[in-house]
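Chain and residue survey
The residues making up each chain are set out below.
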Amino acid sequence: MIGAGYWGPNLVRNLRGHPDVDLRWVCDLDPERTGRVVGRYALTRTTDRLDDVLSDPAVDAVVIATPAATHASLARACLDSGRHVLVEKPIACDSADADDLIAKASAAGLVLMCDHTYCYSPVVRHLRELIHSDVAGEVQYLDSVRINLGLVQTDVDVFWDLAPHDLSIIDFIVEPELRPIAVAAQGSDPVGAGRTCVGYLTLFLGNGALAHVHVNWLSPTKVRTMIIGGSRQMMVWDDLNPSQRLSVFDRGVAMAEPIDDERRREALVSYRLGDMRAPALGDGEALQGVVAEFVGSVRSHRRPLTDGESGARVLRILEAIPASLERGGAAVPIAPAPMPAPVGVAR
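Overview of the structure. (Residues numbered from 1 in each chain as written. Predicted model: local features only at pLDDT ≥ 70, side-chain atom pairs only at ≥ 80, totals over all residues. Heavy atoms only, no water.)

This part takes up the overall build of the chain. Counting its secondary structure elements, the chain contains nine helices and 14 strands. Expressed as lengths along the three principal axes of its C-alpha atoms, the size of the chain is roughly 75 × 45 × 45 Å. Out of the 347 residues in the chain, the part that is buried amounts to 46%. For the chain, contacts bridging at least 24 residues in sequence account for 65% of all contacts bridging at least 6. Here the chain has roughly 16600 Å² of accessible surface; of this, 53% comes from carbon and sulfur atoms. Taken as two groups, the 34 positive and 45 negative side-chain charges of the chain have centres that lie 3 Å from each other. (Helix = DSSP H or I, 4+ residues; strand = E, 2+ residues; numbered from the N terminus. Buried < 20%, exposed > 50% of the residue type's maximum accessible area, 1.4 Å probe, protein only. Contact = heavy atoms within 4.5 Å. Areas by Shrake-Rupley, 256 points an atom, 1.4 Å probe, with all protein chains shown as cover. Lys, Arg positive; Asp, Glu negative; His and termini not counted. Charge placed at Lys NZ, Arg CZ, Asp CG, Glu CD.)

Here the focus is helix α6 (residues 122-132). Note that an α-helix has 3.6 residues per turn; residues three or four places apart therefore point the same way. Among all positions in α6, only Val 123, Val 124, His 126, Leu 127, Leu 130 and Ile 131 are buried. Each buried residue of α6 sits inside an arc of 160 degrees when the element is viewed along its axis, so together they form one side. Residue Asp 134 follows α6 closely and has a positive phi angle near 70 degrees. (Arc of directions from axis to C-beta.)

Now for the environment of Asp 20. Summarising the element assignment, Asp 20 is placed in the loop between α1 (8-17) and β1 (25-27). With a relative accessible area of 44%, Asp 20 lands in the partly exposed category. Separated by 61 residues in the primary sequence, Asp 20 and Ser 81 place their C-alpha atoms 22 Å from one another.

Between α1 and helix α8 (residues 286-300), whose axes approach to 9 Å, the crossing angle comes to 60 degrees. Of the possible angle classes, the one that applies to α1 and α8 is oblique. As for how α1 packs across α8, the hand of that crossing is right-handed. Along the contact surface, α1 presents Asn 10, Leu 11, Asn 14 and Leu 15, while α8 presents Leu 287, Gln 288 and Val 291. (Axes fitted to C-alpha atoms, helices over the stretch in contact; angles between N-to-C directions. Parallel < 35°, antiparallel > 145°, perpendicular 65-115°, else oblique. Left-handed = near helix turned anticlockwise from the far one by under 90°.)

Judged by pairing direction, the sheet is parallel, and its three strands sit side by side in the order β3-β4-β5 without closing on themselves. Two strands bound the open sheet, and with one partner strand each, they are β3 (61-64) and β5 (112-115). Sheet twist, expressed as the average angle between the axes of neighbouring strands with direction ignored, equals 15 degrees. (Pairing = 2+ DSSP bridges.)

Per the counting criterion, the structure on display carries three aromatic pairs. The interplanar angle of 45 degrees and the centroid separation of 6.2 Å between the aromatic rings of Tyr 120 and Phe 172 together place this pair among those described as tilted. Placement of Tyr 120 in the loop between β5 and α6 and of Phe 172 in helix α7 (residues 158-173) is noted, with a sequence separation of 52 residues between them. The exposure class assigned to Tyr 120 is buried, which follows from its relative accessible area of 4%. A relative accessible area of 3% means that Phe 172 is categorised as buried. Over the ring of Phe 172 we find Arg 128, and its NZ or CZ is 4.6 Å from the ring centre. (Phe/Tyr/Trp six-rings, centres within 6.5 Å; stacked < 30°, edge-to-face > 60°. Lys NZ or Arg CZ within 6 Å of the ring centre and 35° of its normal.)

If you want it as structure tokens, here you go:
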């Protein structure tokens, strides 16, 4: 485990709880932090030197939860040493570094996974199942709100701070052909912080549908909701409602019959007003799912659900946002990924 700061202790706890993991090292520049994280677990060693970890032949895999600016260099060193890598989001600070990591992992046949934690929550896993199994029908729109009266960051704007959660979720739950192809961004800095504090993203999906993401550091209330409209079912996720996080509605709007442009004004709209159900999904910890997916991918030599490419796709959207802001909110195409390498498991 590299990094014993804010997120590291949570990962350590879940690594220790997995029956197939032997946590040999916790590495951090602050010895007091590593001491607190390890506690009395004498079988785990502590160090402030990455070389100590990578020189241990018993280390098969490394988990990285350090400041974002260090992710690429640390992950690169671990991959170069032949270790599988799970890295906290973002996988890197630019897509070129992410692509380099993906290529290294693929060439060496190593697992490279990004910790998009929300994707392993029971709700998001269920949303993915509903969409990928076509139970919900074709995705017609997504609306996501992630707002709170939060800490105005000194190094990133509200898009980089909050939107990666929603972008990774959208990337995870929609089918590959529906992933965003362009983004339009609007943002403002009403308090003079020197960076965007209130932001809106419109994502243009591959099937012509729209996804909308609202992020805000200046809201008096905390809201974490996502509404997904499918042609057969509609889903509402309220992450702050522990008693009913997900509601699935058998409701929708459809044209009564196939129409062409000349008859569009005469077409009748039919409304489906069915039942609502609240699936019983359990309260499993999402980070436990992250660790289980990483371990399973390493042991079975398969690509994880949130692989390096998923982390790179989120970065490409974030990189397109400034160009849209400079053009007054115009839609900007999202750069395509480079051609994947033909070898390995973890592109």
